[in-house]
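# Working through the structure, step by step
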Amino acid sequence: MIKMKKNTIPDLVVINANELITMDTKFGCPRIGNSMTELGIINDGAIAVKDSDIIFVGATSELKTIYEFSKIKTVIDATDQLVTPGFVDPHTHIIFDGSRENELEMKLEGKTYLEILEAGGGILKTVTATRKATKEKLVENGLKILDEMMSYGTTTIETKSGYGLSLESEIKSLEAAKQLNFNHSMDVISTFLGAHAVPPEYEGKTDEYVDLITSKMIPKVAQDKLAEFCDVFCEEGIFSIAQTKKILNVAIKYGLKPQIHIDEIMDTNGAALAAELNAIQTGHLLKSNEMGLKAMAQKQIIATLLPGTPFCLMLKDFAPARKMIEYGMPIALATDLNPNCWTASMQMIIVLACYNMKLKPSEALTAATINAACAIQRQDKIGSLEVGKKADINIFNAPNYQFLAYKFGGNLISKVIKNGKIVVDIQSVRMN
Ligand SMILES: [Zn+2]
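Parameters and conventions
- Residues numbered from 1 in each chain as written.
- Predicted model: local features only at pLDDT ≥ 70, side-chain atom pairs only at ≥ 80, totals over all residues.
- Helix = DSSP H or I, 4+ residues; strand = E, 2+ residues; numbered from the N terminus.
- Rg over C-alpha atoms; globule rule 2.2 N^0.38 Å.
- Axes fitted to C-alpha atoms, helices over the stretch in contact; angles between N-to-C directions.
- Parallel < 35°, antiparallel > 145°, perpendicular 65-115°, else oblique.
- Left-handed = near helix turned anticlockwise from the far one by under 90°.
- Contact = placed C-beta atoms within 7 Å.
- Nonpolar A, V, L, I, M, F, W, Y, C, P; charged D, E, K, R; others polar.
- Domains from an automatic or database assignment.
- Core = buried A, V, L, I, M, F, W, Y, C linked by C-beta atoms within 7 Å.
- Buried ≥ 20, exposed ≤ 12 C-beta atoms within 10 Å, placed from the backbone.

Our focus in this paragraph is the overall build of the protein chain. Regarding its fold elements, the protein chain presents 16 helices and 16 strands. For 432 residues, the compact-globule estimate of 2.2 N^0.38 gives 22 Å, and the protein chain sits close to it at 22 Å. Counting only C-alpha atoms and orienting by the principal axes, one finds that the protein chain spans roughly 70 × 45 × 45 Å.

Here's what the structure looks like:
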């Protein structure tokens, strides 16, 4: 859909883009199979923005015939540059306090996850710190993370609670997420993940903790409208298939939409459960069986792949992305930003997806934009550059999209436009 609206003076235009990636939804939404490589590229591309919306997408020569340049407040010349939709990061855990950098040396010494946990590390270290932190501290931490994410080109995120694991601390975490959405230009969509781990006071009593989630936490989250989605960490030894089902069925009853973390460490038949529950999206899927993947493909449930996690855990296996594409599964990419996998950069995730899961750069960019928007049900507003959509736009110091996976380890962003406003403007560094 490439249209124009005449008799309007845009607030901002981007012109002369060497490559403008529209991610036009006429190629599918979400994209599957070969359509993941259809980027809707316009060479010498241009975009016009009025208020927070896109009013024109097309060639620079065409744009120049429509609008009078002298009246436009902001003209961005994107000569030799790449323009894409803002990245959407549909799976993160940014509400936490503290950090766990010391665990890297323990991992390098060959310590297992359980040994790190016994030494006072792991998720419970983050839970202890997050419980102690005030809501204001969680907001302060989150604002810094959002600034960093945006500097790498992310304009919308989903984030989860899950380091509180008590009624009070889970509510505090979700209130912090809501506050972040108000205080920062980033759009922040909230997910309740009370079932992230079993807290120490419920050790050996997982069913009792599940009861607390279903009888107290979910009703409170729904009543206070603190989350749109509900997620569960379904894994052997954490929450079983039956417990996951129980939690998500109650969540659905209260109007929360289901998501699941599945089959990260071993195959628990989580993919089949995701299909059965019509989950909106699922995370990880490293070990899922073929039947489950095919059931998800049939229902077009989005597989959000998180290659940062196996990278940080030093695993050899990544999610079988090529097989998923072959099965016609819609794939999205996300950072999974959390204290054990701390990257704010979707550019880094695109690199990991290409080098470790063998996605093509075009497929990875699709997974980080339009398909990621579908994973959080925001495809009507974001994920592509089309008339009527939000003006969330990235401009890269790169001539084409292949550079996003080719030139790695830095930040290729030149400018980020969010809701029609320039929010990141990285000047070139000169030392002389
Ligand atoms: Zn996660």
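Once that is clear, we can look at the packing of helix α6 (residues 167–183) against helix α7 (residues 206–223). Between α6 and α7, the least distance of the axes is 10 Å, while the angle of their chain directions is 25°. It follows that α6 is roughly parallel to α7 by the angle criterion. As for how α6 packs across α7, the hand of that crossing is right-handed. Between α6 and α7, the contacting residues are L167, E170, I171 and L174 on the first element and K216, M217, K220 and V221 on the second. Looking at the contact of α6 with α7 residue by residue, the classes come out as 5 nonpolar, no polar and 3 charged.

The next thing to look at is the domain arrangement of the protein chain. As assigned here, the protein chain comprises domain 1 (12–85 + 383–425) and domain 2 (87–375). Here the C-alpha centroids of domain 1 and domain 2 sit 29 Å apart. Contact residues are listed per partner, giving 30 residues for domain 1 and 31 residues for domain 2. Secondary-structure elements contributing two or more residues to the side of domain 1 that touches domain 2 are β5 (82–85), α16 (403–406), β15 (413–418) and β16 (421–425).

Quick look at the packing of α7 against helix α8 (residues 241–253) now. Orientation of α7 relative to α8, taken along the N-to-C sense of each, is 5°, at an axis distance of 10 Å. One finds that α7 runs roughly parallel with respect to α8. In this structure, α7 contributes T206, V210, I213, T214 and I218 to the contact, and α8 contributes Q243, K246, I247, V250 and A251. Classifying every residue of the contact of α7 with α8 gives 6 nonpolar, 3 polar and 1 charged.

Attention now goes to the nonpolar core. The tendency in soluble globular proteins is for nonpolar side chains to be buried side by side. Membership of the largest hydrophobic core comes to 139 residues, with the highest contact counts inside it found for V14, I47, L333, I350 and A353. Ranked by the residues each element gives to this core, the list is headed by helix α13 (residues 346–357), at 8 residues. Beyond its immediate chain neighbours, meaning those up to four positions away, I47 contacts V13, V14, I54, F56, V57, L385 and I393.

On to the environment of D317. Within the secondary structure, D317 sits in the loop between α11 (308–312) and α12 (321–326). Given 9 C-beta atoms within 10 Å, D317 falls into the exposed group. C-alpha of D317 to C-alpha of T112: the two residues are 205 residues apart in sequence and 17 Å apart in space. The residues touching D317, leaving out its near neighbours within four places in the chain, are L286 and P310.

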